[in-house]
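Observations on the three-dimensional arrangement
Residues per chain are reported as follows:
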Amino acid sequence: MEQAELAKVLDVEKLFSVKEIERLPENIHAEVISNGSLPISRSLSQPRDNQKNCLMFRRTTKHDANDTNISEVTMEETTLDLLGSINGHSPLQYLTVQDARAILSVITMSHRSKELEKDSELNLPAWVMCDAQDVNRTYMMGCHHIDGGLVISSITCDGPFEKGALPPMDKLRKSISSTGDENISSRGYAEYILGTAVSLKSKTDDDGNPISAVTMGWSWEKVTDLLVSPHGLQCSLKIKKGQGGFLSTTPERNSRELHVLRSFIMGLSTGEVYWPPLEHTPGSITDIVSTYLQDLRDNPVKYVNEDQIAMFEDPEHYGEDVLGKRVLDFTERIWLIVAHTATSYEDITATFDLVESAFRKGYLQPMIHQDNQSSMANKIREFYQSSDHIGQWESFSLQHTSALELVIGIALDKIRRDFTTYLVDNNLCLGHQLSWYIPPRDTDMNLEVQAKRLQCLHHVVELGLLVNGELEGYISYSLDLVKSALLHYTSHPPDDEYEVDAPAIPEMLKPLCQEDRTIPSFWRVELRAAGRREQSLTVTLSRSAPFPQIERPLKFDSTMEIAQEDENLSYYMTMMRQHQIRLL
């Protein structure tokens, strides 16, 4: 999202009548937030009414009491304040179970009176954040309206538990039905982070969850036990690039170029360049550039020197450059030397001094791609077109711009061509679909804007590498995925979170979640008892703590897919109980 989603802070005195306020606890705060901001949003099944927002109640903090400006605040600020760790916020923001019941009782009576306005926020699903100090460790209580009644919810959480300490399914079934008979339906859902079949090197957050991941989700009926492997062929495959993250599928050589380019662009504004460490010691950059220029003089048509590549790149380390299956021109080769060899700004200026000197001597006639629109390429092309004899090259100069801007322009052009060539040659998109990412000729688009669009294109290429590589055989169609990503980034910043549903082939994915000791990162079962008073119980098992106020003794990497033989896996267990109340 380019702008933070808005959360609406409400005036409690306008939300309730005077009589209702008398029955409410003191110092309560109400606001409308998105369902996705709830700490248990992944534990819930899709709302039947497809409501996107809900009404949240909590205790007023000192900050809220002094804030007379009741207006709209960003969702990010609200979520941080509402759901932040107990160390960072006053514990008074959470209400007791007794206070939560009082709030929900008032809301229930409002629905019974049938005097609610159609657009009243009280028609939204309501949730109260609790302090979990009761015997059942209740973290949330809520209610939402259905035709002819209300559904009352309570959410408890405990753990972590090892698998052997989890309750048996029969006990869970009997908790919503005295007989636990066949009138209880069950539906399971399990998520697995692909770590073996798809080797993403994704960073993890504080809970050990991957910032970017490929996740398969399975749904099935008739669940027999907790943590049982799914059966059936209802499978979804999600590809998520987290906020500020990467899918990390780009070959290391190309990743190095991107890191160096970003560092150079930051150096334009900060005046200081961070030099990513080299994986090897290639030798003096002046020796490498001089050897390359001499090779071009002796072999004018040999613009790709395979021996030269070995002087500044370690083929065993960088592996096959799957993006670079095309002929590189003179400026692109200069960029590769700088990206993999330079360790200081002086190295860059020395490189261009040698290039400038070679042109002035008049013997250098390198090949430049026709579509290369970098500043250096245009300068060389200009001299070729206007020079009638060798002597005119003596005035050749690259001093029209700084060495850093010169090399950034070359890098942008080269990497952009790498990306577009890969996408088009692999039939992942058509050339006209890339028009937004490719600046027109003679553009005055500044380098920062070009770099952001290149970063967006990089994310699209990473998606293409994933679906056309390690996910090949697991999904049925990839063109729509790349097309949707291309459209997404034309209106969203490159650091934005992006998630896409891939067309999975369940038959190919099923063996991945049925191997011995395969670990689900998330597991849920919904038990529903039919009858005059419908009840349901949703049990969720997760590797990370679902509520911020829970102490977190576990520190683990949830990207792990296969458990070690001697490892005792632990899960947090969240239980949501719901029952219906009919309004007469």
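As a reminder, the structure under discussion sits directly above these lines.
Reference entry: report on the structure contained in this document. Values in this document were obtained by computation on a predicted structure and should not be read as measured data.

**Topic: the packing of helix α7 (residues 252-270) against helix α11 (residues 330-341)**
Relative orientation of the contacting elements α7 and α11 amounts to 85 degrees, with a least axis distance of 9 Å. The pairing of α7 with α11 is recorded here as roughly perpendicular in orientation. Residues Arg 253, Arg 256, Glu 257, Val 260, Leu 261 and Phe 264 of α7 touch α11, and the partners they reach there are Trp 335, Leu 336, Val 338, Ala 339 and His 340. Residue composition of the contact of α7 with α11, grouped by class: seven nonpolar, one polar and three charged.

**A short note on the packing of aromatic side chains**
Counted under the stated rule, the structure contains ten aromatic pairs. Aromatic pair Phe 330 and Phe 359: ring centres 5.9 Å apart, planes at 90 degrees, arrangement edge-to-face. A residue pair is termed long-range when its members are at least 10 positions apart, and Phe 330 in helix α11 and Phe 359 in helix α12 (residues 345-360) qualify at 29 residues. Of the two residues, Phe 330 and Phe 359, both sit in the buried class. Taking 5.6 Å as the distance between ring centres and 55 degrees as the angle between the ring planes, the aromatic pair formed by Tyr 489 and Tyr 498 counts as tilted. Neither Tyr 489 nor Tyr 498 differs from the other in exposure class; each is buried. Each residue in the set Phe 264, Trp 275 and Trp 335 is aromatic and connected to the rest through ring pairs, giving one cluster. Its end group placed over the ring of Trp 436, Arg 453 keeps NZ or CZ at 4.1 Å from the ring centre. Here the basic side chain of Arg 543 rests over the ring of Tyr 571, its NZ or CZ set 5.8 Å away from the ring centre.

**Remarks on the packing of α11 against helix α14 (residues 403-425)**
Two numbers describe how α11 lies on α14: the axes approach to 9 Å, and their chain directions differ by 105 degrees. Comparing the axis directions of α11 and α14 gives the class roughly perpendicular. Side by side, α11 and α14 meet where Thr 331, Glu 332, Trp 335, Leu 336 and Val 338 of the first sit next to Val 407, Ile 410, Ala 411, Lys 414, Ile 415 and Arg 417 of the second. Considering only residue class, the contact of α11 with α14 consists of seven nonpolar, one polar and three charged.

**A word on the pattern of salt bridges**
Following the criterion strictly, the structure yields twelve salt bridges and no others. We note a salt bridge from Arg 360 to Glu 356, for which the minimum N-O separation is 3.6 Å. With Arg 360 and Glu 356 both in helix α12 and four residues apart, this pair spans about one turn of that helix. A relative accessible area of 36% means that Arg 360 is categorised as partly exposed. The partner of Arg 417 in a salt bridge is Asp 371, and the shortest N-O contact between them spans 3.4 Å. Taken as a pair, Arg 417 in helix α14 and Asp 371 in the loop between α12 and α13 (375-386) lie far apart in primary sequence, 46 residues in all. Taking relative accessible area as the criterion, Arg 417 reaches 8% and is therefore assigned buried. Connected via shared salt-bridge partners are Glu 332, Asp 371, Asp 413 and Arg 417.

**Quick notes on unusual backbone geometry**
Residues Gly 159 and Pro 160 are joined by a peptide bond in cis, for which omega reads 10 degrees. On the secondary structure map, Pro 160 appears in strand β7 (residues 149-162). Positive phi is not limited to glycine here, since Ala 132 has a value of about 60 degrees. Inspection of the secondary structure assignment puts Ala 132 in the loop between β5 (126-129) and β6 (138-146). Look at Arg 137: it is not a glycine, yet its phi comes out positive at around 55 degrees. Within the secondary structure layout, Arg 137 lies in the loop between β5 and β6. For Arg 137, a relative accessible area of 33% gives the class partly exposed.

Parameters at a glance
- Residues numbered from 1 in each chain as written.
- Predicted model: local features only at pLDDT ≥ 70, side-chain atom pairs only at ≥ 80, totals over all residues.
- Heavy atoms only, no water.
- Axes fitted to C-alpha atoms, helices over the stretch in contact; angles between N-to-C directions.
- Helix = DSSP H or I, 4+ residues; strand = E, 2+ residues; numbered from the N terminus.
- Parallel < 35°, antiparallel > 145°, perpendicular 65-115°, else oblique.
- Contact = heavy atoms within 4.5 Å.
- Nonpolar A, V, L, I, M, F, W, Y, C, P; charged D, E, K, R; others polar.
- Phe/Tyr/Trp six-rings, centres within 6.5 Å; stacked < 30°, edge-to-face > 60°.
- Buried < 20%, exposed > 50% of the residue type's maximum accessible area, 1.4 Å probe, protein only.
- Lys NZ or Arg CZ within 6 Å of the ring centre and 35° of its normal.
- Salt bridge = Lys/Arg side-chain N within 4 Å of Asp/Glu carboxyl O.

Function cannot be inferred from these measures alone, as they are strictly geometric.
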